[in-house]
Amino acid sequence: MPQDSPFANGSSEEFPGFPGTTTGLTAAEASRLTGRGLWAADGTVDPDVARLGRTLATALLNDSGDAPRTLLPAELAARVEEVRDLAPPAYHRIEATDGIRLSALSLRQSAPGPHPLVVVPAGWTPHGWPLFLWSCLDLARRGYHVLAYTPRGLGAPGLPSTSEGLVDVAGPHDWADGSAVIDFAVEHLSPSAIGFLGASYGSGISQLVAAHDDRVTAVVALSTWGNLATSLYDHGTRHLAAVKALLALTGGPVETKFDEANQEILADFLADRNPDRFVEWGRLRAPESYLHLTNENETPTFFSNTWHEGLFPVNQLLETFDGLEVPKRLNLWIGDHTAPEGPGLVGTEPGRANLPLAEAYAWLDHHLKGERNSVEGWEQVCCQVMFTYATEPVLDPGTGEHHVVEEASRESRADWSRVTTGVEVFGLTDDGADGADGRLLPAGETTAPSEVTGWRRAFLAGVGTEATVMDGLMRTGRAERTGNPKTYDTRKIDRRHAVVWTTAPLTSPAGDDTVGRRVRGVPRLRLTVRSTAASAGLVAHLFDVAEDGTARIITHEPLNVYGLTPGQDRTVTWRLQAAAYDIAPGHRLMLVVDSKDPLYGDASVTWTQTALSSPQGAPAFLELPLG
């Protein structure tokens, strides 16, 4: 086979190159990218990180032998040259069953095989497969054929990484495209086994292709969803900021990116119409809907997600994970969407191993190569405990920022059911003297039922407070990941528009003087609500409050209540998002319920009154999971 043509039958195409990459990337520019993940401050893909991916792709696929050294600093150039020798690259347009052509890159091992293959569907961005190219180079260095592709419809005009067609949002066209990519790989690469590794959008596609095509041997799904319906619409609440952010990342206006049916669904969602139709649409695209197929195929599945995930909240993934009856692993990390694995995916920490990705690669090595590594001894669940890392101020003291010098602790459990070993129930009381916050009373400390029942507390709805979930998608979580969790001043939470309950300073349980409470699992809250309107929005937040009144958020969850009769009560119970969080001795647990948050579409009517109560037949409570 000629050296200048990895596929002698002409299945590869000439790579047209990316605009603006001929000047290359300097060492100083690469150094400024160190440690950065995918996201800029405004929640879009960091343009410098996108440029890094395009430059890597141009250097890799350029016919000139000295292209890597011309376009890249020495360390990056050496990696590209190494991979070009190990696994010559090729650029492709893979034809789907309906004639749509998908932009793709292959890295074909040159050593005698057979070799396993890892397919890498790109994430939901206009940049396509080059954005995660660094991880493809890592996989090639581990001995894999690699086939990365951009799902249909994603990309920007003029970029060679853009695929034809319209975005199907991980629908049946995307499943069929995944199988067409496998057909291509079987014909041209003859892999010994096939795995899928995807992050974000690519992770959902990876699961769905594996469910519908039994040729997939193993899956790695990073920052993923199990149920797209409940990821974006749950507890009667639209995750409005998430959908708006996703629509802005397709590479074009909605009218040019989606067919009429998907445009109608998205328009209904944005306008708060036909929620049942949206749920049906989301379930069609939910790997959870096809667990019976995944279980029949016995596909080992690896999940990685974050506690404060802004796009695909953790609880929906827990339900999918629980339904898997295959070899499985769930890692949960500090941060938000792709914050843990992002720097490793895009190549902004080239001299440092990225632990979330290292464990993902170990999963593939075990299930695709048969390596006896640590995977066979792993327990199913491993939780990083929020903010247990050690930090130091950065060199520039004027920023007030810190960096992590000792990683946060991790806890492994045989399965998710063993993360929570007990619960503590807190009763909620009325206001204290002079309008002070209500109290959260541990059940054993309640002296009389009248303390936690018979009260009613009201606030003016439809106005936001300082108790926001985050400053912005990806932004707050990325700061958490790097040692800078958001700090709240609980005194600034406007009690006219929220109701607040707080514990006494927490003491250590018997035999453990290092922690006030170990929160592990899914909290549950019950309240009785009435409104002067026919609907009410509630957003529950749990905070860890230090002695000085500053706080960090543990978890939260919104709930919209519809069909209320003004003046009549309705009791509601809902689950907050799962958490692993240690509250220090002397700190207090605070519950804040308000009616509005920038992340969500709420059902509140501005300046109406919402009242929360605790009737004797259904006392209000907070159930805190402990571990």
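Position labels on residues start from 1 in each chain and follow its written sequence. Side-chain atom pairs in this predicted model are given and counted only at pLDDT of 80 or more, local residue features only at pLDDT of at least 70, and totals for whole chains, interfaces and linings cover all residues. Hydrogen atoms and water are omitted, and side-chain values are computed over all heavy atoms in the structure.

Asks: How would you explain the overall build of the protein chain if you had to name every residue and give the values?
Replies: Strands are runs of DSSP state E lasting at least two residues, helices are runs of H or I lasting at least four, and both sets are numbered from the N terminus onward. Across its full length, the protein chain holds 17 helices and 28 strands. Radius of gyration: over C-alpha atoms. The globule rule applied is 2.2 Å multiplied by the number of residues raised to the 0.38 power. For the protein chain, the C-alpha radius of gyration of 25 Å lies close to 25 Å, the compact-globule estimate for 627 residues. Its C-alpha atoms give the protein chain principal-axis dimensions of roughly 85 × 50 × 45 Å. Throughout, exposure labels follow a simple rule: accessible area from a 1.4 Å probe, protein chains only, divided by the maximum for the residue type, with under 20% read as buried, over 50% as exposed, and the rest as partly exposed. Out of the 627 residues belonging to the protein chain, those deemed buried represent 60%. Note on contacts: a residue pair qualifies if any of its non-hydrogen atoms lie within 4.5 Å across the two residues. Counting contacts in the protein chain only where the partners sit at least 6 residues apart, residues at least 24 apart contribute 76% of the total. Accessible surface, the protein chain: about 23,500 Å² in total, of which carbon and sulfur atoms supply 50%. Here the Shrake-Rupley method, with its probe set to 1.4 Å, supplies the accessible areas, and only the displayed protein chains count as covering residues.

Asks: Please give an account of the nonpolar core that cites residues and values.
Replies: By nonpolar core is meant a set of buried Ala, Val, Leu, Ile, Met, Phe, Trp, Tyr and Cys residues that side-chain atoms within 4.5 Å join together. Counting 175 residues, the largest nonpolar core has W416, W501 and L589 as the members making the most contacts within it. The leading source of residues in this core is helix α2 (residues 47–61), at eight residues. Discounting residues that sit within four places of it in the chain, L589 has contacts with F426, L440, W501, T502, T503, L506, L542, F543, I554, I583, L622 and L624. Counting 11 residues, the second-largest nonpolar core is a separate cluster that includes I493, A498, A551 and V592.

Asks: So what about the sheet that holds strand β2 (residues 101–107)? Which residues, and what values?
Replies: Consider a sheet: its strands pair through backbone hydrogen bonds, and that pairing is either parallel or antiparallel. By this definition, two strands are paired if DSSP reports at least two bridges between them. One open sheet accounts for 10 strands, arranged β1-β2-β4-β3-β5-β6-β9-β10-β11-β14; its pairing is mixed. Every interior strand has two partners, whereas the edge strands, β1 (89–95) and β14 (410–413), have only one. Ignoring which end each strand starts from, the neighbouring axes of this sheet average 15 degrees apart. Axis geometry follows a simple rule: fit a line to the C-alpha atoms, using only the stretch in contact for helices, then measure angles between N-to-C directions, giving values from 0 to 180 degrees.

Asks: Could you give an account of unusual backbone geometry, with specific residues and numbers?
Replies: Of note, the amide linkage connecting G113 to P114 takes the cis form, showing an omega dihedral of 5 degrees. For P114, the position within the fold is in the loop between β2 and β3 (117–121). Even without being glycine, E298 reaches a positive phi, approximately 55 degrees. Mapped onto the elements, E298 comes out in the loop between α13 (291–297) and β9 (301–306). Judged by its relative accessible area of 58%, E298 falls in the exposed class. The backbone of W607 shows a phi angle near 70 degrees, a positive value even though the residue is not glycine. By the element assignment, W607 lies in the loop between β26 (588–594) and β27 (609–613). Residue W607 is classed as exposed on the basis of its relative accessible area, which comes to 56%.

Asks: If you had to explain the confidence of the model for the protein chain to someone new, which residues and values would you point to?
Replies: Across the protein chain, the average pLDDT comes to 94, with 97% of residues at or above 70. This stretch, residues 1–5, has a pLDDT under 50; its non-local contacts, to residues over four places away or in other chains, come to three contacts. Each residue carries a pLDDT value, the predictor's own confidence for that position, ranging from 0 to 100.

Asks: Help me get a handle on the packing of α2 against helix α4 (residues 74–86), residues and values and all.
Replies: At their nearest, the axes of α2 and α4 sit 10 Å apart, and the two run at 45 degrees to each other. The angle between the axes of α2 and α4 places the two elements in the oblique class. In this structure, the crossing between α2 and α4 has a hand that is right-handed. Residues L52, L56, A59 and L60 of α2 touch α4, and the partners they reach there are L76, V80, V83 and R84. Considered class by class, the residues forming the contact of α2 with α4 number seven nonpolar, no polar and one charged. Here the word oblique covers every angle except those under 35 degrees (roughly parallel), over 145 (roughly antiparallel) and from 65 to 115 (roughly perpendicular). Definitions for this section: a left-handed crossing has its near helix turned counterclockwise from the far helix by less than a right angle. A right-handed crossing has that turn clockwise. Residues are sorted three ways: Asp, Glu, Lys and Arg are charged, Ala, Val, Leu, Ile, Met, Phe, Trp, Tyr, Cys and Pro are nonpolar, and all the rest, Gly among them, are polar.

Asks: Pulling in residues and values, what's your account of the environment of R329?
Replies: When you line up the elements, R329 lands in strand β10 (residues 328–333). Sequence separation between R329 and W363 is 34 residues, and the spatial gap between their C-alpha atoms is 8.9 Å. Setting aside its immediate chain neighbours within four residues, R329 contacts T301, F302, F303, F321, E359, W363, W378, E379, Q380, C382 and R410. In protein, a polar contact means a hydrogen-donor-capable atom and an acceptor-capable atom, both N or O and within 3.5 Å, with residues adjacent in sequence counting only if both atoms are side-chain atoms; elsewhere, any N or O pair within 3.5 Å suffices. A polar contact is formed between the side chain of R329 and the backbone oxygen of E379, at a distance of 2.7 Å.

Asks: Tell me about the side chain of R457, and please be specific about residues and values.
Replies: Residue placement: R457 occurs in strand β17 (residues 456–460). Exposure remark for R457: the relative accessible area of 6% places this residue in the buried category. Not counting the four nearest positions on each side in its chain, R457 is found in contact with T429, D430, D431, D437, G438, V499, V500, W501, T610, A611 and L612.

Asks: Outline the layout of surface pockets, listing residues and values.
Replies: Cavity and pocket criteria rest on a 1 Å grid covering protein atoms alone: a 1.4 Å probe that fits but cannot get out defines a cavity, protein on both sides within 12 Å along at least 5 of 7 lines defines an open pocket, and an atom within 4 Å of a point defines a lining residue. Grid points are joined across faces, edges and corners, and a volume is the space filled by probe spheres set on the points. One number sums up the size of the largest pocket: a volume of about 970 Å³. Along the wall of the largest pocket there are 34 residues; nearest its centre are G35, P343, R352, R481 and T482. A breakdown of the residues in the lining of the largest pocket according to their chemical character gives 15 nonpolar, 10 polar and nine charged.

Asks: Please provide a residue-by-residue account of the pattern of salt bridges, values included.
Replies: Any Lys or Arg side-chain nitrogen located within 4 Å of an Asp or Glu carboxyl oxygen qualifies as a salt bridge. One pass over the full model with this rule turns up 42 salt bridges. Here R36 and D48 are joined by a salt bridge, their closest N and O atoms 3.3 Å apart. Of the two residues, R36 sits in the loop between α1 (27–32) and α2 while D48 sits in helix α2, which places them 12 residues apart along the sequence. For E411, the salt bridge identified is with R520, shortest N-O distance 2.8 Å.

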